[in-house]
Amino acid sequence: MIFKKNILFVFLTFLGINGFAQQNPRKVTLLEQNWKFVNEDIPEAKMAEYDASKWRTVSLPHDWAFENGITKNGSQSDGGGYYGGGIGWYRYQFEAPKNFDSQLTTIEFDGVYMNSEVWINGRYLGKRPYGYISFRYELSKYLKTGKNVIALRVDNSKEPSARWYHACGIYAPVYLISTSTTFIEPNGVHVTTQRKKDKSETVRVKTSIKSYKNANQNLVLETSIIDASGKLVIKKEQPIIFNAEGSKIITNVNIQAPKLWDPKSPYLYHVTSEIKNNNKVVIDAINTKFGVRTIKWDTKTGFWLNGKQTKLLGVCEHYEGGPIGGAWTEPLLRWKLGLLKEMGVNAIRTAHNPTPPMFYNLCDEMGIMVMDEIFDGWSKKAPEDYGKQAFSDWWRKDIQEWITRDRNHPSVIIYSLGNETRGNIAKELVAYCHQLDSTRLVTSGHSESEEMDVYGVNGNSEKMDFLIKPRLNIPFIATEAPHTWQTRGYYRSLTWFRDEYKNDGLTSFPLPDLTDKEIFTYEWAPQTSWSNYKQHFNSSYDNATVRISARKGWEVLRDSAWYSGSFRWTGFDYFGEAGYVHGGWPFRLFMSGALDVAGFKKDLFYFYQSQWTKKPMVHILPSWTHPKMEIGTKIPVWVYSNCDEVELFLNGKSLGKDKPGKKWNEMQCEWLVPYEKGTLIAVGYLNGRKVVETSQVTAGTPATLSLTLDDKYVSPKKDNIAVVTVSINDDKGICYPYGENKLFYNIQGPARFLTLENGDPVDTTAKFGVFENKGFMGLSNAFIKLDRSDQPVTLTTGAILGEKQLMTSNKIAIDVKSLVLRGKPTVNSFKVYYTIDGSSPTPQSTLYTRTFEIKLGTTVKAIVVKDSKVILNMQENFDGNLGLYWLDNTAKSSNGSFIKGMKAINAEYKGAQKVTINNQSSLRFDKEGYIRWYQENDGSEGMFDLVFYLESINDNDNTNCLSLIINNTKVDQFNAKINESGVDGWKVIIIKHKLQAGANDIILQSKSGCNAGVYLLNVN
């Protein structure tokens, strides 16, 4: 079956072209600065006369949850990365537009999370529950001469309202729009094209116009097509005829031999739509960019773009994924998308909600295709989410805004209606999408997939049994695959499966160990401090997974014609889902990205780059710095490359050549190299000629810093944004890959930190409003916002450097570096004074001139003085129990001492008391209550073993006082005696029961007078 669409798409903009802006009476003002904000509920703040002068002044975008940071009891819980919620108020004061009484004035919000309510001069305008949708209100009849006040209340008091981290507040741009009373409606331009036999394109522009005062005038609509160079292609004028609902005009024009939009060459035309009176005066106008391209979905041959079979090389991406929470600016969003495209990504799934319009604009310009997703669930999934609070009343209005807003983007190739959800409403949702936009097909992330146009499958598409089944009768897309996890800079030579390797049901693909026994023995902390077996980092060898490796996933996709593409989970690490997968606090984020949350590239990034890009590249893993490894230990050395062959050298000696293969386990070049300190060099050859090389060098102990401006996609000069990478290096400038010393920052000039982020999954310190953080695996990023002036800005960073545990050296160095972000470089003269006795340093303390030695247990303090002023006040501790935990070579780094499962104390519960015996914390019922676990099944519906670890308090007690309820259905077979055999003193009961695909609600309910303890639940 073939599903073909010949279509052209557009996005609206208000930029000028060929004098268009100068003639346009439509005024669009970005309301970015001078918002007043308070993080509490003040009902009287809606009134115009309320005095908000003592509130904080903030600029947009703004995310108060991110600013407030995380706490162990954060109301978003582990699912939201332990961030908070609450209620916030915003107020904005502005002068009424000129001639406002004869114009139409609208305020437009691109994104407010969530339950926003808006007032103008004390008059209520309305409420919008969904936090991921644009909306607008007309202000005209409430405006007054002089000062006017917008008040906005945002209610996130009910948490968790998402299954991942969400922003709180006005996290996207806000615009004040003034137009004539005859105007082009919001989302009122819809453009499609039809390919003709002569390969020209018929452009069809449907324009919706309203008029409040000028309906009887002689007006015309002038539609012009302009190419990327600004040259007029064609123009057409049509009379405007109004009826009771306004006017809808269809314009058809032809483009001869159009240039096509595709990821490699995202060519964009312009449409200008102008309303003119009979004197040729412009009444209203909108400028629209668009791109010409054709798409086709075929059951046997997959996805086609512009007549070419094209694999969708995609990633799922939460809008909040990355370093700054939800408050993305356009330059930083370009930085994020640029990194993904550098990896070879050509498609993004907006998991699991729409994004602000600037995201789609950037995808149009940069050539990234989009699976545009609207909802996570059609009913409750998180305890207080949109599915519970508002879906049934608001879904139709939200879909209408979503599709009419996004349907014109050439980047949007398909709609997705939900993620691992279900309901009889599926057919109605699909039909409504088709009604609003007949040019695109509809899919979902494993949500009533049989009702969709394209069959979308999440984790189940990774299973062997799915891949050997008879093919579907509609096109297929892997909406969420593969699921592999990795921590930057962390390696294990033994394979790890989330659910252990099982092949009895043809589920997981084989993934052999790399060595007979584990050779890497460092951890983030000793196991005695872990809360559960999940609390470990994940290996970067592509050997930590749920069911399938990234390499095998790519092999299947590449070699199967019917396999349209996949969206790996995920592009960037993201805050949240820290409990379900990683065991909870202090883990704060999900480690599924090819880039970490700071934007640093993991080894996985380079695997995809080796398969998805053409520019010659080589990348070596792991690092060649192993301070606790015995000399001669054989280390698996991998090289990812897209060259014909790679040669590896160790200390100048060739270890031979290897060729990247097509089979999954041959895609990396591979050597087993006995460890010795020195330099590894990988050389890539094409047609026998050396074209590229890279190296890994054994680093000494931390001794210096380097600051590097990451200006490939964003720059201080153009964007007033700076991304600065701080590297902890040895005395030769080689990055020490375990560097974790504190970094201290000072900004000279009009600028501020947006965040300091290192990517560490267990770093729970504040990231906003601070001037220090620590390195993680040798690196950290500083994200800086500069003002719009031309005043100079300089960043200075300092650190007290050395191994935290003094493993191989007790020498300490202090280094300070500066980087000019704007203005002319100047000569910096610093003096550093330090103490090692715990006292606070002064200019009378020891002047730092060279490295010095200390003992374990020492606290080093230092000040950095410039021009007689202290600009940095630094402190670093060194002791045997600080930093990474290093085992000796005979210690085991496995997690076998833990009973696997979801602890009751980490679940939602009521009527139970926390009890701790022998370092094991459980819940004990002594009255009526419940424990509720959330279990996500990212595969297909099926039978599972539910393993409960329980205790009976009374000798004659059994489980009759406990009821098991799964997805609102009581499970009678739970009424059985607890097994006498147990584990670590806990009695075990195993129940087989069906779990549905996606979210599952598992409740253990106690009766009044029940006397039983519950430790955990394990689902197999």
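This one's a predicted model, so the numbers in the text were calculated from it and none came from an experiment.

As for the domain arrangement of the protein
Part 1 of the reasoning: By the assigned domains, the protein splits into domain 1 (31–171), domain 2 (185–293), domain 3 (308–612), domain 4 (618–697), domain 5 (704–886) and domain 6 (902–1019).
Part 2 of the reasoning: Distance between the C-alpha centres of domain 1 and domain 4: 53 Å.

Points about a positive patch on the surface
Part 1 of the reasoning: Where like charges cluster on the molecular surface, the positive patch consists of K264, K308, K614 and K662.
Part 2 of the reasoning: Looking at the secondary structure, you find K662 in the loop between β39 (653–658) and β40 (669–674).

Things to note about the UniProt feature "domain: Glycoside hydrolase family" (unreviewed entry) in the protein
Part 1 of the reasoning: The feature "domain: Glycoside hydrolase family" (unreviewed entry), as annotated in UniProt, sits at residues 705–796 in this numbering.
Part 2 of the reasoning: Counting secondary structure, residues 705–796 comes out at 4% helix and 47% strand; the distance between its end C-alpha atoms is 11 Å.

A few points about the side chain of Q609
Part 1 of the reasoning: Inspection of the secondary structure assignment puts Q609 in helix α10 (residues 603–612).
Part 2 of the reasoning: Overall, Q609 belongs to the buried group, its relative accessible area being 12%.
Part 3 of the reasoning: Not counting chain neighbours up to four residues away, the residues in contact with Q609 comprise E342, M343, M617 and N642.

A short note on the sheet that holds strand β50 (residues 811–822)
Part 1 of the reasoning: The five strands lie next to each other as β47-β45-β49-β50-β53, forming an open sheet whose pairing is antiparallel. Unpaired on one side and paired on the other, β47 (772–774) and β53 (852–853) mark the two borders of the sheet.

Let's talk about the packing of helix α6 (residues 391–406) against helix α7 (residues 426–436)
Part 1 of the reasoning: Two numbers describe how α6 lies on α7: the axes approach to 10 Å, and their chain directions differ by 30°. For the element pair α6 / α7, the angle class is roughly parallel. As for how α6 packs across α7, the hand of that crossing is right-handed. Between α6 and α7, the residues in contact are F391, W395, R396, I399, Q400, W402 and I403 and E428, L429, Y432, C433 and L436, respectively.
Part 2 of the reasoning: Partitioned by chemical class, the residues of the contact of α6 with α7 number nine nonpolar, one polar and two charged.

As for the sheet that holds strand β2 (residues 27–30)
Within a sheet, neighbouring strands are paired by backbone hydrogen bonds and run either parallel or antiparallel to one another.
Part 1 of the reasoning: Strand order in the open sheet formed by four strands is β2-β13-β6-β10, and the pairing between neighbours is antiparallel. Each end of this open sheet is capped by a strand with a single partner; those strands are β2 and β10 (135–138). Strand-to-strand, the axes of this sheet are offset by a mean angle of 20°, without reference to chain direction.
Part 2 of the reasoning: Here strand β6 (residues 104–109) pairs with strand β13 (residues 174–179) via six bridges, running antiparallel. Note on β13: the bridge partner recorded for T105 is S178.

A word on the pairing of β39
Part 1 of the reasoning: As paired strands, strand β38 (residues 645–650) and β39 are joined by four bridges and run antiparallel to one another. Bridge pairing in β39 links F649 to S654.
Part 2 of the reasoning: Linking β38 to β39, which pair antiparallel, is a turn of two residues; within it N651 sits at a positive phi near 50°.

Structural notes on the environment of T207
Part 1 of the reasoning: With respect to the secondary-structure elements, T207 resides in strand β15 (residues 201–211).
Part 2 of the reasoning: Residues T207 and K248, spaced 41 residues apart in sequence, show a C-alpha to C-alpha distance of 5.6 Å.
Part 3 of the reasoning: Apart from residues lying up to four places away in sequence, T207 is in contact with I184, G188, V189, L221, S247, K248 and I249.

Quick look at the packing of aromatic side chains
Part 1 of the reasoning: Following the criterion strictly, the structure yields 69 aromatic pairs and no others.
Part 2 of the reasoning: Relative to W585, the ring of Y82 lies with its centre 5.1 Å away and its plane at 85°, an arrangement referred to as edge-to-face. Of the two residues, Y82 is situated in the loop between α2 (64–68) and β5 (86–95) and W585 in the loop between β34 (574–575) and β35 (589–590); the sequence distance between them amounts to 503 residues.
Part 3 of the reasoning: Three or more aromatic residues joined by ring pairs make a cluster, and in this case those are Y113, Y130, Y132, Y171, Y319, F375, Y386, F391, W395 and Y432.
Part 4 of the reasoning: A cation sits over an aromatic face here: R396 above Y432, 4.4 Å from the ring centre.

Digging into the pattern of salt bridges
Part 1 of the reasoning: Inspection of every chain in the model, using the stated rule, returns 48 salt bridges.
Part 2 of the reasoning: Between E401 and R136 there is a salt bridge, with the nearest N and O atoms lying 3.0 Å from each other. Residue E401 is located in helix α6, and its partner R136 is located in strand β10; the two are separated by 265 residues in the primary sequence.
Part 3 of the reasoning: A salt bridge links D596 to R488, with the nearest nitrogen and oxygen atoms 2.7 Å apart. In this pair, D596 sits in the loop between β35 and α10 while R488 sits in the loop between β29 (476–478) and β30 (496–497), placing the two residues 108 residues apart along the sequence. The pair formed by D596 and R488 is uniform in burial state, with each residue classed as buried.
Part 4 of the reasoning: One network of salt bridges, with partners in common, ties together D41, E117, R153 and D155.

So, the pairing of strand β65 (residues 998–1006)
Part 1 of the reasoning: Taking burial as the measure, the nine residues of β65 include seven buried ones, the bulk of the element.
Part 2 of the reasoning: Pairing of strand β59 (residues 920–937) with β65, which is carried by nine bridges, proceeds in the antiparallel orientation. Along β65, the bridge assignment pairs G929 with S1006.
Part 3 of the reasoning: Here strand β61 (residues 962–966) runs beside β65; their pairing, made up of five bridges, is antiparallel. Within β65, the position partnered with L964 by the bridge is L1004.

Examining the state of the cysteines
Part 1 of the reasoning: Here the structure, examined in full by the defined rule, presents zero disulfides.
Part 2 of the reasoning: Considering cysteine sulfurs only, C316 is the nearest to C363, which forms no disulfide, with 14 Å between them.
Part 3 of the reasoning: Judged by its relative accessible area of 0%, C363 is buried.

What about the nonpolar core?
Part 1 of the reasoning: Membership of the largest hydrophobic core comes to 188 residues, with the highest contact counts inside it found for I399 and L417.
Part 2 of the reasoning: For this core, the leading source of residues is helix α3 (residues 330–343), giving seven residues.
Part 3 of the reasoning: Residues contacting L417, with those up to four places away along its chain left out, are I374, F375, W378, I399, W402, L429, V430, C433, V442, T443, S444 and M452.
Part 4 of the reasoning: L946, F948, I989 and L1004 belong to the second-largest nonpolar core, a separate cluster that totals 28 residues.

Thoughts on unusual backbone geometry
Part 1 of the reasoning: Cis geometry marks the peptide bond from L60 to P61, where omega comes out at 0°.
Part 2 of the reasoning: Mapped onto the elements, P61 comes out in the loop between β4 (56–58) and α2.
Part 3 of the reasoning: Despite not being glycine, N967 has its phi angle at roughly 50°, a positive value.
Part 4 of the reasoning: Relative to the helices and strands, N967 is located in the loop between β61 and β62 (969–971).
Part 5 of the reasoning: With a phi angle near 70°, N968 is a residue other than glycine that sits in the positive phi range.
Part 6 of the reasoning: With respect to the element layout, N968 can be found in the loop between β61 and β62.
Part 7 of the reasoning: A relative accessible area of 75% places N968 in the exposed class.

Quick word on the environment of I87
Part 1 of the reasoning: Summarising the element assignment, I87 is placed in strand β5.
Part 2 of the reasoning: Distance from I87 to G344, taken between C-alpha atoms, is 41 Å for residues 257 residues apart in sequence.
Part 3 of the reasoning: Those residues in contact with I87, other than ones at most four positions away along the chain, are V38, N39, E40, D41, W64, R153, V154, D155 and S157.

Section: helix α9 (residues 550–559)
Part 1 of the reasoning: Where burial is concerned, most of α9 is hidden: eight out of the ten residues are buried.
Part 2 of the reasoning: Turning to α9, its buried residues are A550, R551, K552, G553, W554, E555, V556 and L557.
Part 3 of the reasoning: On its buried face, α9 is in contact with β23 (312–316), α8 (464–467), β33 (563–569), α10 and β37 (634–641).

So, α7
Part 1 of the reasoning: When α7 is considered as a whole, its buried residues turn out to be A426, L429, V430, Y432, C433 and L436. Projection of α7 onto a plane perpendicular to its axis shows the buried side chains occupying an angular sector of 165°, all on one side. Exposed residues lying more than 90 degrees from the buried face of α7 are K427 and Q435.

Conventions adopted
- Positions within a chain are numbered from 1, following the residues in the order the chain's sequence is written.
- Predicted model: local features are reported for residues with pLDDT of at least 70 only, side-chain atom pairs are reported and counted for 80 or more only, and whole-chain, interface and lining totals are derived from all residues.
- Excluded from the side-chain calculations are hydrogens and water; all other atoms, namely the structure's heavy atoms, are used.
- Domain limits in this description derive from either an automatic procedure or a database domain assignment.
- Put simply, a patch holds well-exposed residues, over 30% relative accessible area, that have no salt bridge, with like charges counted together within 9 Å and Val, Leu, Ile, Met, Phe, Trp or Tyr side chains within 5 Å.
- All accessibility values rest on the Shrake-Rupley procedure with a 1.4 Å probe; residue burial counts only the protein chains present in the view.
- Here a salt bridge means any side-chain nitrogen of Lys or Arg lying within 4 Å of a carboxyl oxygen belonging to Asp or Glu.
- Charge assignment in this entry is limited to Lys and Arg as positive and Asp and Glu as negative, and neither His nor the chain termini are counted.
- The atom standing in for a charge is NZ when the residue is Lys, CZ when it is Arg, CG when it is Asp and CD when it is Glu.
- In this text, helices come from DSSP runs of H or I with a minimum length of four residues, and strands from runs of E with a minimum of two, each type numbered from the N-terminal end.
- UniProt positions are given in the numbering used here, feature names are shortened, and annotations may be inferred rather than shown by experiment.
- Note on exposure labels: buried denotes an accessible area under 20% of the residue type's maximum, exposed denotes more than 50%, and partly exposed covers the range between, all computed with a 1.4 Å probe on protein chains only.
- Any pair of residues with heavy atoms lying within 4.5 Å of one another is described as a contacting pair.
- The pairing criterion for strands is at least two bridges between them, as found by DSSP.
- The axes used here are C-alpha line fits, helices contributing only the stretch in contact, and every angle between their N-to-C directions lies in the interval 0 to 180 degrees.
- Any angle from 65 to 115 degrees is called roughly perpendicular, while one under 35 is roughly parallel, one over 145 is roughly antiparallel, and all others are oblique.
- Crossings are sorted by hand: turned counterclockwise from the far helix by less than a right angle, the near helix makes the crossing left-handed, and turned clockwise it makes it right-handed.
- When residues are grouped by polarity, Ala, Val, Leu, Ile, Met, Phe, Trp, Tyr, Cys and Pro land in nonpolar, Asp, Glu, Lys and Arg in charged, and all others, Gly among them, in polar.
- A pair of Phe, Tyr and Trp rings is counted when the ring centres sit within 6.5 Å of each other, with Trp represented by its six-membered ring. The angle between the planes then sorts it: under 30 degrees is stacked, over 60 is edge-to-face, the rest tilted.
- Put simply, a charge is over a ring when the Lys NZ or the Arg CZ is close to the ring centre, within 6 Å, and near the line of the ring normal, within 35 degrees.
- The disulfide criterion used throughout: a pair of cysteine sulfur atoms within 2.5 Å.
- Put simply, a nonpolar core is a bunch of buried Ala, Val, Leu, Ile, Met, Phe, Trp, Tyr and Cys residues held in one set by side-chain atoms that sit within 4.5 Å of each other.
- Relevant arc is that of directions from the helix axis to the C-beta atoms, nothing else.

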